Amino acid sequence: MMIEKIMVIGAGQMGGGIAEVCATAGFDVVLCDLSQEALTNGFAKITANLTKNVAKERMTEEAKEAALAKFTLVTDVSSAASVDLIIEAATENMAVKQSIFKSLDTLAPAHAILATNTSSLPITELAAVTQRPEQVIGMHFMNPVPVMKLVEIIRGLATTDEVYQAIENLTHVLKKTPVEVNDFPGFVANRILMPMINEAIYTLYEGVATVEAIDDVMKLGMNHPMGPLTLADFIGLDTCLYIMETLHEGFGDSKYRPCPLLRKYVAAGWLGKKSGRGFYVYE
């Protein structure tokens, strides 16, 4: 199964990063977002990242220009008709993703693979809204995509071996490390990470320690590069809450119950770095 042209849905932090590594690896990339502003901002960030790589001598100016030339920017998903693989990186919401997948299923050529960058939602459930469930798969990249090596690859119930192999091969071409994971809520990364973050929030909620103290304990005592509350702010507290709710609903286990303080912060609009305030205040 040959993959030459890739469409990425969503020009945000994750979608932009995925598009960047695909273009850098030599693939033609169609970057799509419904908002022209988001598309422009996303491409500007990609350009800035590649420019920084040139400055740090990680790539040449010629390689940078070659990567940027691989991009086509669109605000209409009808461009899916000409691609071999679509990687959806929209907001972490099942209804939104199912709507996108229904549209893509009617627009994409019969051979095209539909992949999702979901960090927690069931692949089988997404695949069920299409007429090609055997060609639907999860590709969960880590943030920031250009830096982090891991990609969780998640089969749906119907995903074929041929499709899995094509995505595993692609992951190697992107200079990432693929890890096969079964289709359970949160997969592996977020099933382990999010309860840790949630417990850190409970530790703050119960007055055990301050924000800074909790982060320092995990950085200095557990050798984590970033404290869990700082990490939550970078991920987005709304995303953390949604994933915890997915885990809680999917497993029916009280150990995944989102901390009330997390709910309160999200309700207040304190979503972390992207909103200017979360557990920390950002300029």
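Rules used in this analysis
Residues numbered from 1 in each chain as written. Predicted model: local features only at pLDDT ≥ 70, side-chain atom pairs only at ≥ 80, totals over all residues. Heavy atoms only, no water. UniProt positions renumbered as here; feature names shortened; annotations may be inferred. Pairing = 2+ DSSP bridges. Helix = DSSP H or I, 4+ residues; strand = E, 2+ residues; numbered from the N terminus. Axes fitted to C-alpha atoms, helices over the stretch in contact; angles between N-to-C directions. Contact = heavy atoms within 4.5 Å. Core = buried A, V, L, I, M, F, W, Y, C linked by side-chain atoms within 4.5 Å. Buried < 20%, exposed > 50% of the residue type's maximum accessible area, 1.4 Å probe, protein only. Domains from an automatic or database assignment. Buried area = accessible area lost by both parts, 1.4 Å probe. Salt bridge = Lys/Arg side-chain N within 4 Å of Asp/Glu carboxyl O. Nonpolar A, V, L, I, M, F, W, Y, C, P; charged D, E, K, R; others polar.

Looking up the protein chain in an unreviewed UniProt entry gives the name 3-hydroxybutyryl-CoA dehydrogenase, with the organism given as Kurthia sibirica. The heading Sequence similarities (unreviewed entry) in the UniProt record of the protein chain holds the text "Belongs to the 3-hydroxyacyl-CoA dehydrogenase family." The protein chain has a UniProt comment under Pathway (unreviewed entry) that states "Lipid metabolism; butanoate metabolism."

Draft legend 1. Highlighting the sheet that holds strand β7 (residues 150–155). Within the open sheet, the 8 strands sit side by side as β3-β2-β1-β4-β5-β6-β7-β8. Their pairing is mixed. Sheet topology places β3 (71–74) and β8 (177–181) at the edges, where each strand pairs with a single neighbour. Across the sheet, the axes of successive neighbouring strands diverge by a mean angle of 25 degrees, strand direction being ignored. For strand β2 (residues 28–32) and β3, the ladder comprises 4 bridges, and the chain directions are parallel. What sits directly across from C32, in β3, is V74. Of the strands in this sheet, β1 (5–9), β4 (85–88), β5 (113–116) and β6 (136–141) touch helix α4 (residues 94–107), which is tilted by about 165 degrees from β5.

Draft legend 2. Expanded view of the nonpolar core. Judged by nonpolar contacts, the single largest core of 37 residues is most densely connected at I3, I6 and L85. The greatest single-element share of this core, amounting to 6 residues, is contributed by helix α1 (residues 13–24). Once residues within four sequence positions are removed from consideration, L85 is found in contact with I3, K5, I6, M7, I113, A115, I167 and L170. I9, V74, V83 and A127 belong to the second-largest nonpolar core, a separate cluster that totals 23 residues.

Draft legend 3. A look at the environment of T40. Here T40 is to be found in helix α2 (residues 36–55). With a relative accessible area of 43%, T40 lands in the partly exposed category. The sequence separation of T40 and L73 amounts to 33 residues, and the corresponding C-alpha distance is 8.5 Å.

Draft legend 4. Layout of the domain arrangement of the protein chain. The domain boundaries assigned to the protein chain delineate domain 1 (5–182) and domain 2 (190–274). Measuring from the centre of the C-alpha atoms in domain 1 to the corresponding centre in domain 2 gives 27 Å. With 7 residues of domain 1 in contact, the opposing surface of domain 2 contributes 4 residues. Here domain 1 packs against domain 2, burying approximately 530 Å² in sum over the two surfaces, 52% of which is carbon and sulfur. In terms of surface lost to domain 2, no three residues of domain 1 exceed E92, S119 and S120, which account for 58% of the buried area on that side. Summed over the shared surface of domain 1 and domain 2, the result is 0 salt bridges. Classifying every residue of the side of domain 1 that touches domain 2 gives 2 nonpolar, 4 polar and 1 charged.

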